[in-house]
Amino acid sequence: MINDPLSSWRVEDLGVEGRILDVVRAPAPVLASDGARVDPTSPEIVQLAADLVATMRVSPGCVGLAAPQVGVGAKVFCVDVSEHPKTRDHHGTFVLCNAEVLESSRNEKAREGCMSVPDLTGDVKRATRVVVRGELPGSGEQVQLEATAFEARALQHEIDHCDGLLFLDRAAGAHAIYARKTYL
């Protein structure tokens, strides 16, 4: 279930050059704050969308990046799981504003990491199928997509960032948190 605006969306269509931003690390307060809803057509949000994609693309192993991770308390994130070995289906590179999960099912536990918590990973239970609604930066057009498996996990991880949650908040407890063994 994908509508045409998402399948044809390209970061280049935003018409601005993305800048590479610094990624903030926990315990930065912005990471624990509920992000503000945004106007996806505002020039600041269009620039932020381009910046998120640019920063994600230069960060090894990164499959998503949310505005709070670059110090901006806003409900905006990008995702691109297309190159990750755990990916089955995917929607390519996209940015969503004000996204929310409408439906979720089939929970499964898996290991997660995060650029804002670089020294730890954790086992987190998440839905393996989600339906997400959000707005595209630039046009403001509302889109809805169904994601499965690894892309569904990435979407939930980034939506959590926008809501002030880290994967550590979703882990089953201290026994489900591990020192990172591999740095990408």
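Read on for a plain summary of the structure. The structure presented is a predicted model; accordingly, all values stated were derived computationally and were not measured.

## Thoughts on unusual backbone geometry
Moving on, step 1. Ala26 connects to Pro27 through a cis peptide bond whose omega is 20 degrees.
Moving on, step 2. Looking at the element boundaries, Pro27 is found in the loop between helix H1 (4-7) and helix H2 (43-57).
Moving on, step 3. Even without being glycine, Asn98 reaches a positive phi, approximately 55 degrees.
Moving on, step 4. Locating Asn98 in the fold gives a position in strand E3 (residues 94-114).
Moving on, step 5. A relative accessible area of 5% means that Asn98 is categorised as buried.
Moving on, step 6. Of note, the phi angle at Arg106 is positive, near 60 degrees, even though the residue is not glycine.
Moving on, step 7. For Arg106, the position within the fold is in strand E3.

## Considerations on helix H3 (residues 149-162)
Moving on, step 1. Helix length check: H3, at 14 residues, gives a terminal C-alpha distance of 21 Å against a target of 20 Å (1.5 Å per residue), a fit within 8%.
Moving on, step 2. Along H3, 14 of the 14 residues are buried, which leaves the element largely enclosed by surrounding structure.
Moving on, step 3. Gly164, located one to two residues past H3, shows a positive phi value of around 85 degrees.

## With respect to the state of the cysteines
Moving on, step 1. Under the defined criterion, the tally for this structure stands at zero disulfides.
Moving on, step 2. Residue Cys62 stays outside any disulfide, its sulfur separated by 6.5 Å from that of Cys78, the closest cysteine.
Moving on, step 3. For Cys62, a relative accessible area of 13% gives the class buried.
Moving on, step 4. With no disulfide of its own, Cys114 has Cys62 as its nearest cysteine by sulfur position, at a separation of 8.6 Å.
Moving on, step 5. A relative accessible area of 6% places Cys114 in the buried class.

## So, the nonpolar core
Moving on, step 1. Val76, Phe77, Phe94, Leu96 and Leu155 are the most contacted members of the largest nonpolar core, which has 43 residues in total.
Moving on, step 2. Elements that contribute at least two residues to this core include exactly H2, strand E1 (64-66), strand E2 (76-79), E3, strand E4 (117-135), strand E5 (142-148) and H3.
Moving on, step 3. With eight residues, the single largest contributor to this core is H2.
Moving on, step 4. In contact with Leu96, other than residues within four places in its own chain, are Lys75, Val76, Phe77, Val132, Gly134, Glu135, Leu136, Val143 and Leu145.

## Focus on the pattern of salt bridges
Moving on, step 1. Enumeration over the complete set of coordinates arrives at 11 salt bridges.
Moving on, step 2. Here Arg19 ties to Asp51 by a salt bridge, and the two come within 2.5 Å at their closest N and O atoms. Separated by 32 residues along the polypeptide, Arg19 in the loop between H1 and H2 and Asp51 in helix H2 bring together distant segments of the chain.
Moving on, step 3. A salt bridge links Asp163 to Lys75, with the nearest nitrogen and oxygen atoms 2.6 Å apart. With Asp163 in the loop between H3 and helix H4 (167-170) and Lys75 in the loop between E1 and E2, this residue pair connects regions lying 88 residues apart in the sequence.
Moving on, step 4. Each member of the salt-bridge network shares a partner with another, and the members are Glu112, Arg126, Arg153, Asp160 and Arg170.

Rules and cut-offs
- All residue numbers here refer to positions counted from 1 along the written sequence of the relevant chain.
- Local features in this predicted model are restricted to residues whose pLDDT is 70 or higher, and side-chain atom pairs enter the listing and the counts only when it is 80 or higher, whereas totals over whole chains, interfaces and linings include all residues.
- By convention in this description, side-chain values take in all heavy atoms of the structure and omit both hydrogens and water.
- Strands are runs of DSSP state E lasting at least two residues, helices are runs of H or I lasting at least four, and both sets are numbered from the N terminus onward.
- Type-normalised accessible area, obtained with a 1.4 Å probe on protein chains alone, sets the label of each residue: buried when under 20%, exposed when over 50%, and partly exposed for intermediate values.
- Given a helix with a known number of residues, its expected span is that number minus one, times 1.5 Å.
- Sulfur atoms of two cysteines make up a disulfide when they are within 2.5 Å.
- Only buried residues count toward a nonpolar core. Its members are Ala, Val, Leu, Ile, Met, Phe, Trp, Tyr and Cys residues joined through side-chain atoms within 4.5 Å.
- Contact between two residues is taken to exist if any of their heavy atoms lie within 4.5 Å; hydrogens are not considered.
- Here, a salt bridge means any side-chain nitrogen of Lys or Arg that lies within 4 Å of a carboxyl oxygen of Asp or Glu.

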